[in-house]
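So you can see what is in the structure, the chains are spelled out below.
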Amino acid sequence: MLRQVAEGVLVHESEFCQSNAVVVHGRDGVLLIDPGVQDHEMACLANDLSDSGRTVVAGFSTHPDWDHLLWHPQLGTAPRYGTARCAAAVRDQLSDPGAKADITAHLLGTGIAERVPLDLYGLITALPAETARIPWDGPQVRIIEHQAHAPGHAALFIEERGVLVAGDMLSDVLVPMLDLDGTADPIEDYLAALRLLEGGWRMSASPRVGREPIR
Ligand SMILES: [Zn+2]
């Protein structure tokens, strides 16, 4: 079920690690950030959207980890964006013909392996490097790319709604997970990213006091 957290911003929480899919209302439809994990959860989200007369006009994956690259046919065929580095990392993953089977194998024992749909996995359109905002007809959504957790990870800041979508940088249930493969100093990269997010938040023209960042 969708839960409103700010005007025109709603979240759909997965049973898996309490990760959030985030919906932002635009003029002609919604921006969908990190759509979800399990088949029935994304179908539920798609039904909630169609029940409210809304369609997805743009998607965004915050980073190239498997649980942020999924999609459901009922969500439609809107472009699904990621940073250039994110899209390159996904291309690299999918160059291995066994990539999807590896994800399923990785999930064995979690109880959700057969509920994670991989047909539309990773179909990400790269935004040109240095793109500052999501290209869509809705509230301005600033892209804050950094070096922590995964290649090309970006937080999205919906400034006029006072909402920061932090991807996997902040979690209620997991410790911070460092990108141990892609960087020389993953701890400093993580700290630098947190400073960047904090700075973006503080630079907001009219931050809403008391609004919790969305994880
Ligand atoms: Zn992740």
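Above: the structure in question.
Here is a short report on the structure shown in this document.

## Concerning the nonpolar core
For step 1, the next point in the chain: By size, the foremost hydrophobic cluster in this structure holds 30 residues, and its most contacted members are Val23, Leu32, Val56, Trp66, Leu70 and Val116.
For step 2, the next point in the chain: When contributions to this core are tallied by element, the ones reaching two or more residues are β3 (20-25), β4 (30-33), α1 (39-51), α2 (84-94) and α3 (99-107).
For step 3, the next point in the chain: Examining the composition of this core, we find that four residues originate from one element, α1, more than from any other.
For step 4, the next point in the chain: Ignoring any residue separated from it by four or fewer positions in sequence, one finds Val56 in contact with Val30, Leu32, Leu49, Trp71, Leu75 and Ala78.
For step 5, the next point in the chain: In this structure, Leu31, Ala58, Phe60 and Tyr81 belong to the second largest nonpolar core, which totals 21 residues.

## Some remarks on the pattern of salt bridges
For step 1, the next point in the chain: Applying the stated criterion across every chain yields a total of five salt bridges.
For step 2, the next point in the chain: The partner of Arg27 in a salt bridge is Asp137, with the nearest N and O atoms 2.9 Å apart. Remark: Asp137 occurs in the loop between β7 (125-126) and β8 (142-145) and Arg27 occurs in the loop between β3 and β4; sequence separation between them is 110 residues.
For step 3, the next point in the chain: Judged by relative accessible area, which is 40%, Asp137 ranks as partly exposed.
For step 4, the next point in the chain: When the shortest N-O distance is used, the salt bridge between Arg161 and Glu160 registers 3.5 Å.
For step 5, the next point in the chain: Take Glu160: its relative accessible area is 43%, and that puts it in the partly exposed class.

## Observations regarding the coordination of the zinc ion
For step 1, the next point in the chain: On the protein side, the zinc ion has His63 (NE2), Asp65 (OD), His149 (NE2) and Asp168 (OD) as donor atoms, found 2.1 to 2.2 Å from it.
For step 2, the next point in the chain: In this structure, the zinc ion is coordinated by four donor atoms arranged in irregular fashion, with angles at the metal of 89 to 163°.
For step 3, the next point in the chain: Expressed as a motif, the donor residue spacing for the zinc ion is H-x1-D-x83-H-x18-D. Taken as a pair, His149 in the loop between β8 and β9 (154-158) and Asp168 in the loop between β10 (163-165) and α4 (186-203) lie far apart in primary sequence, 19 residues in all.

## Let's talk about the side chain of Thr83
For step 1, the next point in the chain: One can find Thr83 in the loop between β6 (80-82) and α2.
For step 2, the next point in the chain: Given the relative accessible area of 4%, Thr83 is considered buried.
For step 3, the next point in the chain: A polar contact is formed between the side chain of Thr83 and the backbone oxygen of Gly152, at a distance of 2.8 Å.
For step 4, the next point in the chain: Not counting residues up to four positions away in its chain, the partners in contact with Thr83 are Phe60, Ala126, Leu127, Ile143, Glu145, Gly152 and Ala154.

## Quick notes on the sheet that holds strand β5 (residues 56-60)
For step 1, the next point in the chain: One open sheet holds the seven strands; their spatial order is β1-β2-β3-β4-β5-β6-β7, and the pairing between them is mixed. Since the sheet does not close on itself, it has two edges, and those belong to β1 (3-6) and β7, each with one partner.
For step 2, the next point in the chain: Inspection of the sheet shows β4 paired to β5 by four bridges, in the parallel sense. From the neighbouring strand, Val30 faces β5, where its bridge partner is Val56.

## Here we look at α1
Quick reminder: α-helices carry 3.6 residues per turn. Residues three or four places apart thus point the same way.
For step 1, the next point in the chain: A rise of 1.5 Å per residue sets the reference length of α1, with its 13 residues, at 18 Å; its end C-alpha atoms lie 18 Å apart and thus fit the reference within 8%.
For step 2, the next point in the chain: For α1, the full list of buried residues reads Glu41, Met42, Ala43, Leu45, Ala46 and Leu49.
For step 3, the next point in the chain: Considering only its buried residues, α1 is in contact with β2 (9-13), β3, β4 and β5.

## Some points on the environment of Leu108
For step 1, the next point in the chain: When you line up the elements, Leu108 lands in the loop between α3 and β7.
For step 2, the next point in the chain: Measuring from C-alpha to C-alpha, the distance between Leu108 and Pro135 comes to 37 Å, with 27 residues separating the pair along the chain.

## Some words on the sheet that holds β10
For step 1, the next point in the chain: As summarised here, the arrangement of the three strands in space is β8-β9-β10, forming an open sheet in which the pairing is antiparallel. Looking at the sheet topology across the chains shown, the edges are occupied by β8 and β10. Across the sheet, the mean angle separating the axes of adjacent strands is 20° when strand polarity is ignored.
For step 2, the next point in the chain: The pairing of β8 with β9 spans four bridges and is antiparallel. Among the inter-strand pairings, Ile144 is bridged to a residue of β9, identified as Ala155.

About the cut-offs
- Residues numbered from 1 in each chain as written.
- Predicted model: local features only at pLDDT ≥ 70, side-chain atom pairs only at ≥ 80, totals over all residues.
- Heavy atoms only, no water.
- Core = buried A, V, L, I, M, F, W, Y, C linked by side-chain atoms within 4.5 Å.
- Buried < 20%, exposed > 50% of the residue type's maximum accessible area, 1.4 Å probe, protein only.
- Helix = DSSP H or I, 4+ residues; strand = E, 2+ residues; numbered from the N terminus.
- Contact = heavy atoms within 4.5 Å.
- Salt bridge = Lys/Arg side-chain N within 4 Å of Asp/Glu carboxyl O.
- Donors = N, O, S within 2.8 Å, 3.2 Å for Na, K, Ca; no water.
- Tetrahedral: all angles 85-135°; square planar, octahedral: opposite > 155°, others 65-115°.
- Polar contact = N/O pair within 3.5 Å; in protein donor to acceptor, adjacent residues only side chain to side chain.
- Pairing = 2+ DSSP bridges.
- Expected span 1.5 Å × (residues − 1).
- Axes fitted to C-alpha atoms, helices over the stretch in contact; angles between N-to-C directions.

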